Amino acid sequence: MLHIGCHLSSSKGFLAMGREAVKLGADTFQYFTRNPRGSRAKAIDPQDVAQYREFLQEHHFAPVVAHAPYTLNACSADPRVREFAWQTMADDLRRMEYTPGGLYNFHPGSHVGQGPQEGVRLIAELLNGILTPETTATVLLETMAGKGSEVGRTFEELRAILDRVELSEKMGVCLDTCHVFDAGYDIVNHLDEVLAEFDQVIGLSRLKAIHLNDSMNPLGSRKDRHQKIGEGYIGLEAFVRIINHPALNSLPFILETPNDAAGYAREIQLLRAADSIRSQSAR
């Protein structure tokens, strides 16, 4: 079964997000833990959370993804910026205990001239400082496109971070299709080979979620510009193969395409229809 959703606003609360997801035809979704460009987090209403958890169970939702704000840089050269990331992520993980067992995704950061090895060290240092044996969330490193000095463009860089995290069982990876394509991994013509490389370097057991985005730019561009499904350089046929791949088809797929609610509903319907046709033809 295809588990697919999109990015939703958390401003109206958890239960409202669940209801909106169902209205769009989704059985998972992603939300920002707080203002994506700021630091403020909305107060959590325990009653809203309790109703939300019951709603997700009733509607058989796949795991939901919480996304850290874009303003965080865990490997900045400025210690004040790193401290802000540290405090924000630690607070996010505490808040996620209201919905235990969730997925918490973040962009590893940009080393801003310090070099990728130092970036890897600083990211792992932060993770070692905020993860505890009691943490129930799985923290996901997102694959990055490699623009500027981003850390996480290659599978090897993500593995280097994972190798330094003491509580590695609390860690996973979110693969962004636009990002890996822009980073130079040819998921259009060589999906099996890319996944085999991921498995060899990181391990497919670490892969917990997929960001499903087409790309405005060609393979290896290192630009990170998302496009609607089927309207970019990746193309609809490649996405049909991705959502049906046996190594991926049980994971939550999250759309981050440039859409409004109606656009997300159309893409979800499009991919569900493509998944259905492919599944029937395989019988």
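Residues numbered from 1 in each chain as written. Predicted model: local features only at pLDDT ≥ 70, side-chain atom pairs only at ≥ 80, totals over all residues. Heavy atoms only, no water.

A. Up close: the overall build of the protein chain. Of regular secondary structure, the protein chain possesses nine helices and 10 strands. Scaling as 2.2 N^0.38, a compact globule of 283 residues should have a C-alpha radius of gyration of about 19 Å, and the protein chain matches this with 18 Å. With respect to the principal axes defined by its C-alpha atoms, the protein chain has extents near 55 × 45 × 30 Å. In the protein chain, which comprises 283 residues, the share counted as buried stands at 54%. (Helix = DSSP H or I, 4+ residues; strand = E, 2+ residues; numbered from the N terminus. Rg over C-alpha atoms; globule rule 2.2 N^0.38 Å. Buried < 20%, exposed > 50% of the residue type's maximum accessible area, 1.4 Å probe, protein only.)

B. Structural context of the pairing of strand 6 (residues 171–176). The buried fraction of strand 6 is high, at six of six residues. Residue alternation in strand 6 divides its side chains into two sets, Met 171, Val 173 and Leu 175 and Gly 172, Cys 174 and Asp 176, and both sets are buried. Of the pairings in the sheet, the one linking strand 5 (residues 138–142) to strand 6 comprises four bridges and is parallel in character. Counterpart to Val 139 in the pairing with strand 6 is Met 171. Examined bridge by bridge, strand 6 and strand 7 (residues 207–212) share four bridges and lie parallel to one another. Within strand 7, the position partnered with Asp 176 by the bridge is His 211. (Pairing = 2+ DSSP bridges.)

C. Molecular detail of the layout of surface pockets. Put simply, the largest pocket is a space of about 480 Å³. Residue lining of the largest pocket: 26 residues in total, with Arg 37, Tyr 70, His 107, His 179 and Asp 224 positioned closest to the centre. Broken down by class, the residue content of the lining of the largest pocket amounts to eight nonpolar, 11 polar and seven charged. (1 Å grid on protein atoms, 1.4 Å probe; cavity = no way out; pocket = protein on both sides within 12 Å on 5 of 7 lines; lining within 4 Å. Points joined across faces, edges and corners; volume = space filled by probe spheres on them. Nonpolar A, V, L, I, M, F, W, Y, C, P; charged D, E, K, R; others polar.)

D. Up close: the packing of helix 5 (residues 155–164) against helix 7 (residues 191–201). Put simply, helix 5 and helix 7 touch, their axes get as near as 10 Å, and they point 25 degrees apart. Regarding the angle of helix 5 to helix 7, the classification is roughly parallel. Of the two elements, helix 5 crosses helix 7, and the hand of that crossing is right-handed. Counting all contacts with helix 5, which are made through Phe 155, Glu 156 and Arg 159, the residues of helix 7 involved are Val 194, Glu 197, Phe 198 and Val 201. Its residues placed into classes, the contact of helix 5 with helix 7 shows four nonpolar, no polar and three charged. (Axes fitted to C-alpha atoms, helices over the stretch in contact; angles between N-to-C directions. Parallel < 35°, antiparallel > 145°, perpendicular 65-115°, else oblique. Left-handed = near helix turned anticlockwise from the far one by under 90°. Contact = heavy atoms within 4.5 Å.)

E. Summary view of the sheet that holds strand 5. Spatially, the eight strands close up into a barrel ordered 1-2-3-4-5-6-7-10, and their pairing is parallel. For this sheet, the mean angle separating the axes of adjacent strands, direction not counted, is 30 degrees. Across three bridges, strand 3 (residues 65–67) lies against strand 4 (residues 103–106) in parallel orientation. Pairing of His 67 across the sheet is with Asn 105, part of strand 4. Across the sheet, helix 5 lies against strand 5 and strand 6, angled at about 150 degrees from strand 5, the strand it touches most.

F. Spotlight on helix 4 (residues 116–130). For helix 4, which comprises 15 residues, the first-to-last C-alpha distance of 21 Å matches the rise-based estimate of 21 Å (1.5 Å per residue) to within 8%. Gly 119, Val 120, Leu 122, Ile 123, Ala 124, Leu 126, Leu 127 and Ile 130 are the residues of helix 4 that are buried. Summarising the contacts, the buried residues of helix 4 are in contact with helix 3 (79–95), strand 4, strand 5, helix 5 and strand 6. (Expected span 1.5 Å × (residues − 1).)

G. Spatial organisation of the pairing of strand 4. Of the two faces of strand 4, the one holding Leu 103 and Asn 105 and the one holding Tyr 104 and Phe 106 are both buried throughout. Handedness of the β-α-β unit built from strand 3, helix 3 and strand 4 comes out right-handed. (Right-handed = clockwise from strand over helix to strand, strands pointing away.)

H. Focus on the side chain of Asp 27. Mapped onto the secondary structure, Asp 27 falls in the loop between helix 1 (14–23) and strand 2 (28–32). A polar atom in the side chain of Asp 27 sits 2.9 Å from the side chain of His 3. Within the local environment of Asp 27, its side chain forms a polar contact with the side chain of Arg 272, the two groups lying 3.5 Å apart. Aside from chain neighbours lying at most four places away, what touches Asp 27 is Met 1, Leu 2, His 3, Ile 4, His 60, Phe 61, Ala 62 and Arg 272. (Polar contact = N/O pair within 3.5 Å; in protein donor to acceptor, adjacent residues only side chain to side chain.)

I. Broad picture of empty space enclosed by the protein. In this structure the tally under the stated criterion is one cavity of 30 Å³ or more. Along the walls of the largest cavity sit Leu 175, Thr 177, Ile 187, Leu 191, Leu 195, Leu 207, Ile 210, Ile 242 and Leu 248, which together make up its complete lining. Of all the secondary-structure elements, those providing two or more residues to the lining of the largest cavity are helix 7 and strand 7. Taken together, the residues of the lining of the largest cavity sort by class into eight nonpolar, one polar and no charged.

J. Examining the packing of aromatic side chains more closely. Applying the stated rule across the entire model yields nine aromatic pairs. Ring plane angle 50 degrees and centroid distance 6.3 Å describe the contact between Phe 29 and Tyr 31, whose orientation is recorded as tilted. Classification of Phe 29 by relative accessible area gives buried; the value is 0%. Here the aromatic residues Phe 14, Phe 29, Tyr 31, Tyr 52, Phe 55 and Phe 61 are joined through ring pairs into a cluster of three or more. (Phe/Tyr/Trp six-rings, centres within 6.5 Å; stacked < 30°, edge-to-face > 60°.)

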